[in-house]
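Observations on the three-dimensional arrangement
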Amino acid sequence: MTIKVEIDWDRNGDFSTVGDNVTDLVRPGQGSVTAEYGRDQMTALAPTISGRGSIVLDNRDRRFSPRATTLVNGSANPLYGKLKPARPVKITRTVSPTDYTIGVFHTDDTPINPTDEKNVTLTLIDSLADFRGQNVSTQLYQGIRTGQAIGYILDACGWPAALRDLDSGATVIPWWWEDGTDALTALEKIIRSDGPPALLTVGAAGEIVFRDRHHRITRAASITSQGTWRNSGPLDMQEYSYNEAWSNIVNTGTASVDVRAVQELQPVWTSDTTISLTTGEERLVTASTTDPFLNAVPPVNGIDYTVMSGSITTTLLRTSGGSATIKLTAGSPAVISNLQLRAQPVTVAYTVQVSASDVASIADFGPRSFPGDLPWCGPYDAQAVLDTAVAIRSQPLPILTVKFLVGVNTTKANALLARDLSDRVTIVEPETAVSGDFYIESIGHEFTGEHDHAVTFGLEAVQIPVIPVFRFDVAGQGFDQGRFGQGLDEAATVFRFDTAGQGFDQGMFAT
């Protein structure tokens, strides 16, 4: 079993250039290679955050000193001029014949500073962090799912279509647009709107991965346990901590949902500025509105602006959204005034208040509100998210931190390195009387040597035994086996075909 650390110094997608494989230069010792990803807290209520890590490298020959043109032996430094931010980094471990990806990162903006110990530390982040600082503006979309909205944000950021693994999304967004919004903020709003346990992360190939709130009742690795972890035996836990997680109880929640309606064509933006252009000049004017709009029309002379002299033509670069760019082109020296934009505004017609609560849990623990907001939900999805959160979390769901020392044990390495976020595992620990299934919420790796590999998992208890969701042509989830939706326990009377007491007028469609 071997670890490999590679850095694409040329940033050309090829890790085979001389100097890219830095495995032999990894300094043994605590934290020589680290990698972690997942949620920032060990609960599905928490958001997933960008992955991060670090590498400590031997710099006795000065190859990682940014201004060193030559090495200590006098030969040319192969990395001179290449020690820059955003160099792709890939960390893998091979357990023959399988290569497990520990992390796909890139170097961040922290300068490389050689130390007196003749080493350097490279700090790493994954691609999610790159969306911070990119502002996106989109057209206005109606009736799209959360997965589609994420795709539109990735499009606006120029993210490759081949590096996406996106669920369709559980929430249908009645109206969606962004206007000059930070891309990571926009992505986080969509994840919140889909509801727990939706997540956004980076996959083993560097792809952006979106899983909607239904993924744990449709994906095999979340439906059934992928292994049993104990204090002894082949998968013995070296460290174990238990938290009853009372702070994660949710027994009440409210959300205000704006319901919008399309209005008639009308002015949605006006300007009292006089605009002067020279012959052939092009001027871009941004028209920003309070409400989003549809079907904007290019400004018309005599209606949407007044030509005081000369001649111009107008073009719209986008006809919907929270803003539009009007391109003015002068055929001759021109002066115009009273420019306006006409479109159909989509305004708030009324606001719906949705809520959910569990009276018994409130009496027992006091009110514990659903954290966060549901910015893009319609009334029905907002109700479904709140109902499900309260039904699942009205009682505490324990959270665990467990640590394994993988070493050279092939059986243990294969069992642990194959695990991913949202995988379901069984934990048995007699001292805390834990014996049940948990979801993986975070994963961390630490190497202190080639074979000294520790893996730490953050986990949250599975709330209820899962009944499979109804799906055509899937074994065990068809008629009389699957149910419609999620959020109810096994005692609920769920609608099933041809089942006494659960048919029409008796069973219910779960949310």
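Residues numbered from 1 in each chain as written. Predicted model: local features only at pLDDT ≥ 70, side-chain atom pairs only at ≥ 80, totals over all residues. Heavy atoms only, no water.

**With respect to the overall build of the protein**
Along its length, the protein carries 6 helices and 28 strands. Relative to its full complement of 511 residues, the protein shows a buried share of 49%. A total accessible area of about 23,300 Å² is found for the protein, and carbon and sulfur atoms account for 49% of it. (Helix = DSSP H or I, 4+ residues; strand = E, 2+ residues; numbered from the N terminus. Buried < 20%, exposed > 50% of the residue type's maximum accessible area, 1.4 Å probe, protein only. Areas by Shrake-Rupley, 256 points an atom, 1.4 Å probe, with all protein chains shown as cover.)

**Here's the deal with the environment of S241**
In this structure, S241 sits in strand β15 (residues 239–243). In this structure, the C-alpha to C-alpha distance between S241 and I399, residues 158 residues apart in sequence, is 8.5 Å. Not counting chain neighbours up to four residues away, the residues in contact with S241 comprise I399, L400 and T401. (Contact = heavy atoms within 4.5 Å.)

**Some details on the sheet that holds strand β13 (residues 208–211)**
With mixed pairing, 3 strands are arranged side by side in an open sheet as β9-β13-β12. If you trace the sheet from one side to the other, it starts and ends with β9 (164–166) and β12 (199–202), each paired once. Ignoring strand direction, the axes of neighbouring strands in this sheet form an average angle of 10 degrees. Strand direction decides the pairing type here: β9 and β13, joined by 3 bridges, are parallel. (Pairing = 2+ DSSP bridges. Axes fitted to C-alpha atoms, helices over the stretch in contact; angles between N-to-C directions.)

**Description of helix α5 (residues 379–393)**
Its 15 residues give α5 an end-to-end C-alpha distance of 21 Å, which sits within 8% of 21 Å, the value for a rise of 1.5 Å per residue. Among all positions of α5, only D381, A382, A384, V385, L386, T388, A389, V390, I392 and R393 are buried. On its buried face, α5 is in contact with β10 (172–176), α2 (183–194), β16 (252–262), β24 (340–357) and β28 (453–461). (Expected span 1.5 Å × (residues − 1).)

**Remarks on helix α6 (residues 410–417)**
Restricting attention to buried positions, one finds in α6 the residues K412, A413, L416 and L417. The buried side chains of α6 occupy one side of the element, clustering within an arc of 105 degrees when seen end-on. Tucked inside the fold, the buried residues of α6 contact β4 (88–95), β5 (98–107), β14 (228–229), β25 (399–405), β27 (434–447) and β28. Where α6 begins, one side-chain oxygen reaches toward the backbone nitrogen of T411, 3.1 Å away; that side chain belongs to N409. (Arc of directions from axis to C-beta. Polar contact = N/O pair within 3.5 Å; in protein donor to acceptor, adjacent residues only side chain to side chain.)

**Some thoughts on the environment of F64**
Relative to the assigned elements, F64 resides in the loop between β3 (48–58) and β4. C-alpha of F64 to C-alpha of L83: the two residues are 19 residues apart in sequence and 7.2 Å apart in space. Those residues in contact with F64, other than ones at most four positions away along the chain, are W9, V22, L25, L57, D58, N59, L79, L83, I112, P114 and V120.

**Brief notes about the packing of helix α1 (residues 146–156) against α2**
Relative orientation of the contacting elements α1 and α2 amounts to 175 degrees, with a least axis distance of 10 Å. Taken together, the axes of α1 and α2 are roughly antiparallel relative to one another. Where α1 abuts α2, its residues T146, A149, I150 and I153 lie against A183, A186, L187, I190, I191 and D194. Class assignment for the residues of the contact of α1 with α2 results in 8 nonpolar, 1 polar and 1 charged. (Parallel < 35°, antiparallel > 145°, perpendicular 65-115°, else oblique. Nonpolar A, V, L, I, M, F, W, Y, C, P; charged D, E, K, R; others polar.)

**Brief notes about the side chain of S65**
Within the secondary structure, S65 sits in the loop between β3 and β4. When its relative accessible area of 13% is taken as the criterion, S65 is described as buried. A distance of 3.1 Å separates a polar atom in the side chain of S65 from a polar atom in the side chain of N59. Apart from residues lying up to four places away in sequence, S65 is in contact with N59, N77, L83 and P114.

**As for the sheet that holds strand β23 (residues 334–337)**
Across the sheet, which stays open at both edges, the 3 strands sit in the order β18-β23-β20 with antiparallel pairing between neighbours. With one partner strand each, in any of the chains shown, β18 (275–277) and β20 (306–309) form the two edges of the open sheet. Taken over all neighbouring pairs, the strand axes of this sheet differ in orientation by 25 degrees on average, direction set aside.

**Focus: the side chain of H106**
Along the polypeptide, H106 turns up in strand β5. Engagement of the side chain of H106 in a polar contact is seen with the side chain of D130, the distance being 2.8 Å. Not counting the four nearest positions on each side in its chain, H106 is found in contact with A86, R87, P88, V89, T123, L124, I125, D126 and D130.

**Regarding the packing of aromatic side chains**
On inspection of all chains with the given rule, the structure shows 10 aromatic pairs. Where W176 meets W376, the ring centres are 6.4 Å apart and the plane angle is 65 degrees; that geometry is what we call edge-to-face. In this pair, W176 is assigned in strand β10 and W376 in the loop between α4 (359–365) and α5, connecting sequence segments 200 residues apart. According to the relative accessible area criterion, W376 is buried, its value standing at 10%. Ring geometry for W229 versus F457: centroids 4.8 Å apart, planes at 45 degrees, classification tilted. In this pair, W229 is assigned in strand β14 and F457 in strand β28, connecting sequence segments 228 residues apart. Per residue, the accessibility class of W229 equals that of F457, and both read buried. Among the aromatic residues, ring-to-ring pairing joins Y141, Y152, W176, W177 and W376 into one connected group. Its guanidinium or amino end placed over the ring of Y439, R216 lies 4.2 Å from that ring's centre, counting from NZ or CZ. (Phe/Tyr/Trp six-rings, centres within 6.5 Å; stacked < 30°, edge-to-face > 60°. Lys NZ or Arg CZ within 6 Å of the ring centre and 35° of its normal.)

**A look at the confidence of the model for the protein**
Any residue range with low pLDDT should be treated as having predicted coordinates unsuitable for detailed reading. Across the protein, the average pLDDT comes to 90, with 89% of residues at 70 or higher. Note that residues 485–493 has pLDDT below 50 and, in this model, 27 contacts with residues that lie over four places away or in other chains. Every residue in residues 504–511 scores below 50 in pLDDT, and together they form 24 contacts with partners more than four places removed in sequence or on other chains. (pLDDT = per-residue confidence, 0-100.)

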